Structure formats: C-alpha cells, structure tokens
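# A closer look at the structure
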Amino acid sequence: MADICVSLAFSQQNNYKCPCLNGRGRKGDKKWGILILKILAILILTVCTGMVIFILASAIISNLEKIIITIGSVDCITAIFLNFFKKKEPAPALPDNSIIEYDPISLESTYKMLRQNLCSVIGDTAEITKLRKPVTLSQVDAPTHFDIVSKCAIYHFLVLKLAEEIDPFTITGILQNAIEQRLNNNEAEGITQTSFFYNGQVYPSIMVDRVQDLGNYIQVDVAIASEYYCKYRERRIYNNMAQSNSGRPQDKYF
C-alpha cells in the first residue's frame, strides 16, 4: 500500500504545479481536486483493507481452539485411515528353545549322570532305607527313562526293596539329604552348579521329586532344579494340601 502511494505521488509531481507559477489557475485547481480524490480513495481503500484484516484476525483468534481441534481431528482420522490400509509386517518369531532344552540326546545324558549319582547314594544309605544296593547302574533303569511335565524333565528310576513296608516320604528325605550333602562337598558326578535360586530361596541342583511304592520296587523320580520345576513342584504341593485339607506341606523346601 505504501508503494502505491509513493508511485501515485511521483506520477502526479510533474502534472500539478502551483497556480501562481503557471498562470493557469482554473486548470490547476481542477488537477489538484483530482489529486485529492485519489488520495481519499487510497485512504478509504487502506482503511477498508485494514478492517477486513482485523475482522479476519479477530475471527481466527476467537475460534482458535475450534480450529486447532478440527485440524487435529482431521490429522487423527487421516492417520487411522492410512494405518488401517497399511500392510502389517509379521512379528519376528521367537527362538524355539524347546529343541535344545528337551533334546533326547541331552536328556539321556542327564539320565545317566543322575543314575550314577543315585546309585552311589543308594549304596551309602541302603541299610537305612532298606533298599537293595545296585550291582550295576542299569539295574535301576526304569522302562520309561523320563517324562516332560509342565516344561520340566522328570527322570524315573526303579530300586528293589528289601522290606515289605517302607515309608516313601522318609526315603525321599534320606535320599535328598544324602544328595544335598554330596553337592555341598562337590562330590556329585557331572554337576557343576550345586544350587539353584528361586523366589529368594536356595534349592539343591538335584531334587528327589517323589518316591512311589510299587510293591517289590520303589520308583524314585528325580529332577534338575529349574524355574519350571520349582513352579511345578510348588503348585503340586499346594494342590495336594487343598485336596487333603492339610495346613502344612510335607516338603522342607516349600
């Protein structure tokens, strides 16, 4: 607007001169009247333009919150629409640890290691437990060497009884104490980690899961301590407590 005013002023500079200098008063007065009208027109145009800008600015400021909400809503709808039609990439598959953890070769190797330690413990405690001392390691092999229960391996062994009446719970305690003593003295074969931590408590690496009386034999179930096994054993014990309405579990570790 200022540029327009300057241009008009320079364009009229040579056309409008003082009447006293050019001697033509009437003609000069007419030209000055036109100049004044142009200046008035420019002023009116400037005022009107300013009023329009002021009205628009006032309208924007007074409705600024609504405008922002509207723009935000449009952006959200657009984003949702684009994401809806966007092709989803499949999530990367987690590594399958079950192949390593439950490899039959590793399980069989663990079975032989536990069998060697169990036979040694049974030989040392045979007089107390009234169990027959194995002559060979294969004498304690069960038909099924192991089962996978609740993601943990339970290893099975059969031992010949020397007495008709035995207490499975007492034998469990005797065998567990003997195994734990060997672990603490680093006398267990094939075991480098002697203990396992679970829920702030220490457990021996080799756990006698339970002893079952099968008549002429007892079945000794043994497990390697792990988070899966500790959870399974804890759950099983409290389930037995609930069924028998007993307030105290018969397990020194739980």
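Just above sits the structure.
What this report covers is the structure whose coordinates are included nearby. All values derive from a computational prediction rather than experimental measurement. (Residues numbered from 1 in each chain as written. Predicted model: local features only at pLDDT ≥ 70, side-chain atom pairs only at ≥ 80, totals over all residues. Heavy atoms only, no water.)

## Let's talk about the pairing of strand 4 (residues 201-204)
Keep this limit in mind: Each pair of strands is called paired provided DSSP finds at least two bridges between the two strands. For helices the rule is a DSSP run of H or I covering at least 4 residues; for strands it is a run of E covering at least 2, with both sets numbered from the N terminus onward.
Summarising the sheet, strand 3 (residues 195-198) and strand 4 pair through four bridges and their orientation is antiparallel. Paired with Phe 197 across the two strands is Val 202, which belongs to strand 4. From the end of strand 3 to the start of strand 4, which pair antiparallel, there are two residues, and Asn 199 there has a positive phi angle of about 55°.

## Focus on helix 7 (residues 168-184)
An α-helical turn contains 3.6 residues, so a residue and the one three or four places further along point in the same direction. Going by this rule: One less than the residue count of a helix, multiplied by 1.5 Å, gives the span that helix is expected to have. In this scheme, a residue with accessible area under 20% of its type's maximum is buried, one over 50% is exposed, and one in between is partly exposed, where area comes from a 1.4 Å probe on protein chains only. Taking the helix axis as origin, the arc is that swept by the directions to the C-beta atoms. The contact criterion used is simple: two residues touch if any of their non-hydrogen atoms lie within 4.5 Å.
If you check helix 7, its first and last C-alpha atoms are 24 Å apart, about what 17 residues at 1.5 Å a residue would give, namely 24 Å. Buried within helix 7 are the following residues: Ile 171, Thr 172, Leu 175, Gln 176, Ala 178, Ile 179, Arg 182 and Leu 183. When helix 7 is viewed along its axis, its buried side chains cluster within an angular range of 165° and face the same direction. Those residues of helix 7 that are exposed and aimed more than 90 degrees away from the buried face are Gln 181 and Asn 184. Contacts from the buried residues of helix 7 go to helix 6 (104-129), strand 4, strand 5 (206-213) and strand 6 (217-224). Asn 186 lies just past helix 7 and shows a positive phi near 55°.

## As for a nonpolar patch on the surface
Heads up, the condition is: Candidates for patches are residues over 30% relative accessible area with no salt bridge; among them, like charges are joined within 9 Å and nonpolar side chains (Val, Leu, Ile, Met, Phe, Trp, Tyr) within 5 Å. Surface accessibility follows the Shrake-Rupley procedure with a 1.4 Å probe radius. Residue values consider only the protein chains on display as shielding. Each salt bridge in this description consists of a side-chain nitrogen of Lys or Arg and a carboxyl oxygen of Asp or Glu lying within 4 Å of one another.
Taken together, the side chains of Ile 36, Leu 37, Ile 39, Leu 40, Leu 43 and Ile 44 make up a nonpolar region of the molecular surface, amounting to roughly 590 Å² of accessible area. Mapped onto the fold, Ile 44 is located in helix 3 (residues 25-62).

## Here's the deal with the packing of aromatic side chains
Keep this limit in mind: The aromatic pairing rule takes the rings of Phe, Tyr and Trp, using the six-membered ring of Trp, and pairs them if the centres are within 6.5 Å, calling planes under 30 degrees apart stacked, those over 60 edge-to-face and the rest tilted.
Taken as a whole, this structure holds five aromatic pairs when the rule is applied. The interplanar angle of 40° and the centroid separation of 6.4 Å between the aromatic rings of Tyr 111 and Tyr 155 together place this pair among those described as tilted. In this pair, Tyr 111 sits in helix 6 while Tyr 155 sits in strand 2 (residues 152-160), placing the two residues 44 residues apart along the sequence. By relative accessible area, which is 0% here, Tyr 111 ends up buried. Judged by relative accessible area, which is 3%, Tyr 155 ranks as buried. The interplanar angle of 50° and the centroid separation of 6.2 Å between the aromatic rings of Tyr 229 and Tyr 232 together place this pair among those described as tilted.

## Observations regarding unusual backbone geometry
Even without being glycine, Lys 130 reaches a positive phi, approximately 60°. Considering the arrangement of structural elements, one finds Lys 130 in the loop between helix 6 and strand 1 (141-149). Phi angles above zero are rare outside glycine, and Ser 150 is one such case at about 50°. Assignment of secondary structure puts Ser 150 in the loop between strand 1 and strand 2.

Any functional reading would require information that these geometric values do not contain.
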